[in-house]
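Residues per chain are reported as follows:
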Amino acid sequence: MTAKLVLSLNGAVLREFPLSKERITLGRKPENDIHIDNLAVSGQHALIITILNDSFLEDLGSTNGTFVNGKLIKKHALQNGDVIAIGKHELKYINQNATAGDADFEKTMIIRPGMANASAAAVQKTTEKAEQVAAATPGHDVNVSEEQLPLGKVQVLNGPAMGKELVVKKPLTTLGRPGVQVAVITRRPQGYFITHVEGQHPAVNGKAIGDQAHPLKDNDVIELAGVKMEFFMMADG
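Residues numbered from 1 in each chain as written. Predicted model: local features only at pLDDT ≥ 70, side-chain atom pairs only at ≥ 80, totals over all residues. Heavy atoms only, no water.

Asks: Outline the overall build of the protein chain, supporting the account with residue identities and numerical values.
Replies: Along its length, the protein chain carries one helix and 21 strands. Scored against the burial criterion, the 237 residues of the protein chain give a buried share of 48%. Long-range pairs, those at least 24 residues apart, make up 45% of the contacts in the protein chain between residues at least 6 apart in sequence. Looking at the protein chain as shown, the accessible area adds up to about 11,900 Å², and 50% of this sits on carbon and sulfur atoms. (Helix = DSSP H or I, 4+ residues; strand = E, 2+ residues; numbered from the N terminus. Buried < 20%, exposed > 50% of the residue type's maximum accessible area, 1.4 Å probe, protein only. Contact = heavy atoms within 4.5 Å. Areas by Shrake-Rupley, 256 points an atom, 1.4 Å probe, with all protein chains shown as cover.)

Asks: Can you break down the environment of Leu-5 residue by residue, with the values?
Replies: If you trace the backbone, Leu-5 turns up in strand E1 (residues 4–9). Every residue in contact with Leu-5, bar those within four places of it in the chain, is listed here: Arg-15, Glu-16, Phe-17, Leu-19, Ile-34, Ile-48, Ile-84, Leu-91, Lys-92 and Tyr-93.

Asks: I'd like a description of the nonpolar core, backed by residues and values.
Replies: Ranked by size, the top nonpolar core spans 20 residues in total, and within it Leu-5, Ile-34, Leu-57, Ile-84 and Leu-91 carry the most contacts. For this core, the secondary-structure elements that each account for two or more residues are E1, strand E3 (23–27), strand E5 (46–51), strand E10 (83–86) and strand E11 (89–94). Ignoring any residue separated from it by four or fewer positions in sequence, one finds Ile-34 in contact with Leu-5, Phe-17, Ile-24, Thr-25, Leu-26, Gly-27 and Leu-91. In this structure, Ala-183, Tyr-192, Val-227 and Phe-231 belong to the second largest nonpolar core, which totals 18 residues. (Core = buried A, V, L, I, M, F, W, Y, C linked by side-chain atoms within 4.5 Å.)

Asks: Account for the sheet that holds strand E2 (residues 12–18), with residues named and values stated.
Replies: The antiparallel open sheet is built from six strands, whose spatial order is E2-E1-E11-E10-E7-E8. Both outer strands of the open sheet, E2 and strand E8 (71–73), are each paired with one neighbouring strand and no more. Across the sheet, the axes of successive neighbouring strands diverge by a mean angle of 30 degrees, strand direction being ignored. The sheet contact formed by E1 and E2 spans six bridges and is antiparallel. Along E2, the bridge assignment pairs Ser-8 with Val-13. (Pairing = 2+ DSSP bridges. Axes fitted to C-alpha atoms, helices over the stretch in contact; angles between N-to-C directions.)

Asks: Summarise unusual backbone geometry; cite the residues concerned and give the values.
Replies: Backbone geometry at Asn-10 places phi at a positive 55 degrees, although glycine is not the residue there. Looking at the element boundaries, Asn-10 is found in the loop between E1 and E2. One non-glycine residue with positive phi stands out, namely Asn-69, at about 55 degrees. Relative accessible area serves as the criterion here: at 51%, Asn-69 is assigned to the exposed category.

Asks: Which residues make up the pattern of salt bridges, and what values do they have?
Replies: Under the counting rule described, the total for this entry stands at three salt bridges. Of the charged contacts in the structure, one is a salt bridge between Glu-16 and Lys-4, with a shortest N-O distance of 3.2 Å. Here Glu-16, found in strand E2, pairs with Lys-4, found in strand E1; they are twelve residues apart in sequence, far enough to count as distant. Residue Glu-16 is classed as partly exposed on the basis of its relative accessible area, which comes to 43%. (Salt bridge = Lys/Arg side-chain N within 4 Å of Asp/Glu carboxyl O.)

Asks: Which residues make up the packing of aromatic side chains, and what values go with them?
Replies: In total, this model carries one aromatic pair according to the counting rule given. Over the face of the ring belonging to Phe-232 we find Lys-153, whose NZ or CZ atom lies 5.8 Å from the ring centre. (Phe/Tyr/Trp six-rings, centres within 6.5 Å; stacked < 30°, edge-to-face > 60°. Lys NZ or Arg CZ within 6 Å of the ring centre and 35° of its normal.)

Asks: Quick one: what's the story with the sheet that holds strand E20 (residues 221–224), residue by residue and with numbers?
Replies: Read across the sheet, six strands follow the order E13-E12-E21-E20-E17-E18 without closing on themselves; strand pairing throughout is antiparallel. Whereas interior strands pair on both sides, the edge strands pair on one side only; in this sheet they are strand E13 (165–168) and strand E18 (207–208). With two bridges joining them, strand E17 (residues 203–204) and E18 adopt antiparallel strand pairing. Across the sheet, the residue bridging to Val-204 is Lys-207, located in E18.

Okay, structure coming up:
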């Protein structure tokens, strides 16, 4: 089940927001993913980054601050049932699969399209480039059902996030840090491919890949931005 935020004002539920994107902004400006039109809310108030089953909240230097369960925070690893207060509005975090604690916030499990301190323009540029790269991957235009696609996952092998797993279900999964090193994994009928997007080329089994899409095999070890991940094939999707 996808994690979600339930927005309320004075106890009345206004709307629910599924956390279906890796990066979600909250604020008074209309371009935010979660738009809260209240003068007590800053234009760009807060950011939520979702990594695997966990979501992390960061205040973006707002005027009136961001509170979780009545406590002023700068960064916070969200737990199921946490209540975020922004101005007079409240957002309840619903995610029965949440596992992270506050100490996990800085753990660099890097499977996300952006970082809290990356500009929106940089993230957007990286995302667009990743989509262009994915479009050039073999099998992009093949129209097949989910059941016909292979199913794989990656597991982190080092660092504080060691042991974390991600089932790679999306057609396009971006890995890395914009402006530093980024790659994209694409899921196609022919299998999974990893392709360089920006920065240094990622390594597979200790050898840097080229500019073309590189097919991934069972037990391949990917090295990207200081993180090692092992790729596994699972039963067909």
